[in-house]
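Architecture and fold: a report
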Amino acid sequence: MNNLLAGILPQAGGLEASGSGKYSAAMGLLALLSVLGVAAGVHSLIAGHEHTFGVSRGVPWGILIAAYVFFVVTSTGLCIVSSVGHVFGFENFNPIAKRAVFLSIATIVAGFLVIAFEIENSWRMPVGNVIGANLTSNIWWMGTLYGAYLFFMMIEFVMLQKEQHKIATAFGLAGLLTGVAAHSNLGAVFGLLNGREFWHGPYMPIYFITSAAMSGCVAIIFFTIIAYKANGWKMSEGMKKSMESVAKMGALMMAIIIFFTIWKMIAGVTGNPPGKYEAIMTLLTGSYALNFWVGEVLLGMAIPFAVILVVRGRNMNALFVASLAGMVGIFVMRYDLVIVGQLIPSYHGMGLVDYPELLSYVPSLHENLVVLGGVAFCGLCFLMGEKLFRGHVSEHH
Amino acid sequence: MKIDDLEKITSEDLGGLPSVERRNFLKLGLVVTGMYLGGSVLSLTSVRNVYGAGVVPEVGKYPYNPHYSMVIREKLCVDCERCKEACVKTNHVPAYGFRTTILEKRRSLGGEKFETTFMPVLCNHCNRPPCVRVCPTTATWKDEKTGIVTMNPDRCIGCKTCMTACPYNARYFKEETRSVDKCDFCFESRLSKGQTTTACVEACPADVRVFGNLADLKSRVFKLVHAPETMIWVLRPETGANPNVFYINS
């Protein structure tokens, strides 16, 4: 075991993480929050979601699904960003690639951690998914492909550490293809539901892949800058150039998402399509307007896009602000996507008495704690990764 | 630069790459793409072929026999809720859930006058059930003989995708069995034990609900949906689920 680890962990070189008290305190806090999240999750499994979660018959998917989608979107995005350099050979993207591969593993594991508590009987999955495999189910494909994806990404990471670049590239390509297939299937989980007008259509899988690429760019900028600032490392010229390229790619993806969003809103309002119109208006002027305009539009699109353009991706402090706003905004996007899609009740528009026009959902304490636990776990993995893998520096190419 | 110098320079094009290498790369790409393409196509195909153009299948073209279905004579419902009580008792439905319920419609007749209609709803046992398509573990399926959409509680992982997929809000999560629960036309509690109707049908004092085999030309459900001058509709036909609960205005 020690020999195996020794082959993977860099013994020297790279960047030394600061072993300060602050670092240990941060690790301790994140570990505590992770444990708290798991405890809340386990308690909800025992006590039942009926008593601990804010989800209901009408809105069966809550903030945990949103957080899961957020994590896997980020993971797929990080995989896409890492492959730009490692698989497709754009050298500008090489300096961030190792960290991106590591974080794509950390984020997907955090995603699995969260969804394990949203699925009421996750222990029935290993057997049920095999003996009951339903090939028409997008959620089956998504789960199976993400399992394979995690495997490929882990092999890729190990091979990168062992400097076996040919094998790493092959597995990186396999991971990328699997990730894209899995992620578009996650989009299809929503998009192929004919009864949910807000989601229904080919838009979802395409939207998911594009926002994954955007999230990946934002996430790698966010984590790289934190790693360098927190440890007092100095960015090499290559790394700065790399960040600039990633930021520009991120801005391009944001432009596409902005374009998508504008047309989605216009299409949802024009001609009042039943079911879709009500959901779109909930976002534009209704109870989710604050989420939409401040969270999605301002934080998720306008601020990061404008900041990256203004500094041309060159000012690290500005990039950090852009990526922080982006991370928060993207989370709100996922939340709104999952929740608002369910708020229109099944028998809407039939002139029913004592029947809600719009359902409501508020995340419970348990749900918030599990999400917080997932975020903390991801942060914990990130900090440990920086220390163990010495700043994920790519030695040569 | 002279032409002689140019000739000495080694070419940078892909000609130097051995063709085996290129072939291997292409093969890998084809295999991976093929696998995922196959999967995506499969995930887009519907569960089974369904016949019939209108809301009622064409005579003689029923995917099942017995093809169980229910006709709701909406106008007769007075909202006494005895169907709900019978369902709860027969199928052990907990207080926080329901397999069937009654919705209230109100239409203005001008001025202060209103017309109220009660609309019983339950699982529509669709011919193209969205819930069945999305279930990752086939914990829910359309019974090949009766067409009843059935649940196996032990297989349910509780992902609740079927609940979001159902256009009729016919499913809920039952804590007691740790699985999604739904109407099964009383198959487990009654039909499988030799009884011929559901608990809600038996309990209804106004003869609102009529249950039977649509494939049987002599059955009451068949006669009701094929009666002349009768308006027949289903709920949310736009979802393409092809429901087997028919509403009539007579």
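Residues numbered from 1 in each chain as written. Chains lettered and ligands numbered in written order. Predicted model: local features only at pLDDT ≥ 70, side-chain atom pairs only at ≥ 80, totals over all residues.

**So, the overall build of chain A**
This is how it is decided: In this text, helices come from DSSP runs of H or I with a minimum length of four residues, and strands from runs of E with a minimum of two, each type numbered from the N-terminal end. Computation of the radius of gyration draws on C-alpha atoms, with the globule rule given as 2.2 Å multiplied by the number of residues to the power 0.38. Between the buried cut of 20 or more and the exposed cut of 12 or fewer other C-beta atoms within 10 Å of a residue's own C-beta lies the partly exposed class, and all C-beta atoms are placed from the backbone. Our contact criterion uses C-beta atoms placed from the backbone: two residues qualify when those atoms are within 7 Å.
For chain A, the count of helices and strands is 14 helices and one strand. Against the 2.2 N^0.38 benchmark of 21 Å for 397 residues, chain A shows a C-alpha radius of gyration of 21 Å, consistent with a compact globule. Oriented by its inertia axes, the alpha-carbon framework of chain A measures out at about 70 × 50 × 40 Å. Relative to its full complement of 397 residues, chain A shows a buried share of 54%. Pairs at least 24 residues apart make up 79% of the contacts formed inside chain A by residues separated by at least 6 positions.

**Section: the overall build of chain B**
Within chain B, the regular secondary structure consists of seven helices and 10 strands. Relative to the globule expectation of 18 Å for 250 residues, the C-alpha radius of gyration of chain B, 27 Å, shows a markedly less compact shape. Overall, the C-alpha framework of chain B stretches about 105 × 45 × 40 Å when taken along its three principal axes. Within chain B, contacts between residues separated by at least 24 positions form 60% of all contacts whose residues are at least 6 apart in sequence.

**Description of the pairing of strand β2 (residues 101-108) of chain B**
Worth spelling out the cut-off: Strands are treated as partners if at least two bridges between them are detected by DSSP.
As paired elements, strand β1 (residues 352-353) of chain A and β2(B) share two bridges and run antiparallel to each other. Counted as the bridge partner of V353(A) is E104(B) from β2(B). Alignment of β2(B) against strand β3 (residues 114-121) of chain B, held across eight bridges, turns out to be antiparallel. Paired with L103(B) across the two strands is M119(B), which belongs to β3(B).

**Re the interface of chain A and chain B**
By a widely used convention, the size of an interface equals the accessible area lost when the partners come together. Contacts between chain A and chain B engage 42 residues on the former and 42 residues on the latter. Of all the elements in the fold, those that place two or more residues in the side of chain A that touches chain B are α6 (125-131), α7 (138-161), α8 (165-191) and β1 of chain A.

**Considering helix α5 (residues 94-118) of chain A**
All names here are of chain A. The criterion, for reference: To estimate the expected span of a helix, subtract one from its residue number and multiply by 1.5 Å. One axis is fitted to the seven residues ending at the residue and one to the seven starting there. The bend at that residue is the angle between these axes.
Given a rise of 1.5 Å per residue, 25 residues ought to cover 36 Å, and the 36 Å separating the end C-alpha atoms of α5 matches this to within 8%. Along α5, the largest kink reaches about 25° and is centred on A100. Of all the 25 residues making up α5, 21 are buried; the element is thus mostly covered by neighbouring parts of the structure.

**Comments concerning the packing of helix α4 (residues 63-86) of chain A against helix α14 (residues 365-388) of chain A**
Two quantities define a packed helix pair, namely the angle between the axes and the distance from one axis to the other. Residue and element names in this part refer to chain A. What counts, and what does not: Every angle, taken between N-to-C directions, lies between 0 and 180 degrees, and every axis is a line fitted to C-alpha atoms, over only the stretch in contact when it is a helix. For this classification, under 35 degrees means roughly parallel, over 145 means roughly antiparallel, 65 to 115 means roughly perpendicular, and everything else is oblique. A crossing counts as left-handed when the near helix is turned anticlockwise from the far one by less than a right angle, and as right-handed when that turn is clockwise. Polarity classes work like this: nonpolar for Ala, Val, Leu, Ile, Met, Phe, Trp, Tyr, Cys and Pro, charged for Asp, Glu, Lys and Arg, and polar for all others, with Gly in that last group.
For the pair α4 and α14, the least separation of the axes is 9 Å and the interaxial angle reads 15°. Classified by the angle their axes make, α4 and α14 are roughly parallel. Where α4 crosses over α14, the two elements pack in a sense that is right-handed. In this structure, α4 contributes I63, L64, A67 and F71 to the contact, and α14 contributes E367, N368, V370, V371 and G374. Tallied by class, residues from the contact of α4 with α14 come to six nonpolar, two polar and one charged.

**A few points about the environment of I308(A)**
Along the chain, I308(A) turns up in helix α12 (residues 289-311). In this structure I308(A) comes out as buried when scored by C-beta crowding, with 29 C-beta atoms within 10 Å.

**So, the confidence of the model for chain B**
If pLDDT is low for a region, its predicted coordinates should not be looked at in detail. Inclusion rule: Looking at any residue, its pLDDT shows the predictor's confidence there, from 0 to 100.
Scored by pLDDT, chain B has a mean of 89; 92% of the residues are at 70 or more. Confidence over residues 47-53 of chain B falls short of pLDDT 50; this stretch has 17 contacts with residues more than four positions distant or in other chains.

**Observations concerning the pairing of strand β1 (residues 68-73) of chain B**
Residues and elements named next belong to chain B. Most of β1 is tucked away: five of the six residues are buried. In terms of strand pairing, β1 meets strand β8 (residues 209-213) through five bridges, oriented antiparallel. Paired with M70 across the strands is F211, a residue of β8.

**Some details on unusual backbone geometry**
Going from N65(B) to P66(B), the amide bond is cis rather than trans, its omega being 0°. Looking at the secondary structure, you find P66(B) in the loop between α2 (19-44) and β1. Phi at N272(A) takes a positive value of approximately 40°, unusual for a residue other than glycine. Tracing the sequence through the fold places N272(A) in the loop between α10 (237-269) and α11 (276-284). Given 12 C-beta atoms within 10 Å, N272(A) falls into the exposed group. Positive phi, close to 55°, is recorded for N242(B), a residue that is not glycine. Residue placement: N242(B) occurs in the loop between β9 (232-233) and β10 (245-248).

**As for the sheet that holds β3(B)**
For sheets, the rule is that strands pair by backbone hydrogen bonds, running either parallel or antiparallel. The strand order across the open sheet formed by three strands is β1(A)-β2(B)-β3(B), and the pairing between neighbours is antiparallel. The open sheet has two free edges, formed respectively by β1 of chain A together with β3 of chain B, since each of these has just one partner strand.

**Notes on α12(A)**
Residue and element names in this part refer to chain A. Approximately 50° is the largest bend angle found in α12, and it occurs at L298. Looking at the packing, one finds that the buried side of α12 touches α9 (203-231), α10, α11 and α13 (316-343). Downstream of α12 by a residue or two, R312 has a phi angle that is positive, lying close to 55°.

**Details of the sheet that holds β10(B)**
Taking strand neighbours across the sheet as the criterion, the four strands line up as β8-β1-β10-β9 (chain B) in an open arrangement whose pairing is mixed. Bordering the open sheet on either side are β8 and β9 of chain B, each of which pairs with just one other strand.

**Here's the deal with the packing of α11(A) against α13(A)**
Residues and elements named next belong to chain A. Two elements in contact, α11 and α13, have axes separated by 9 Å at closest approach and are oriented at 130°. With respect to α13, the element α11 is oriented oblique. Handedness of the α11/α13 crossing: right-handed. Along its contact with α11, which presents A279, T282 and L283, the element α13 presents D336, V340, G341 and L343. Among the residues forming the contact of α11 with α13, the class breakdown is four nonpolar, two polar and one charged.

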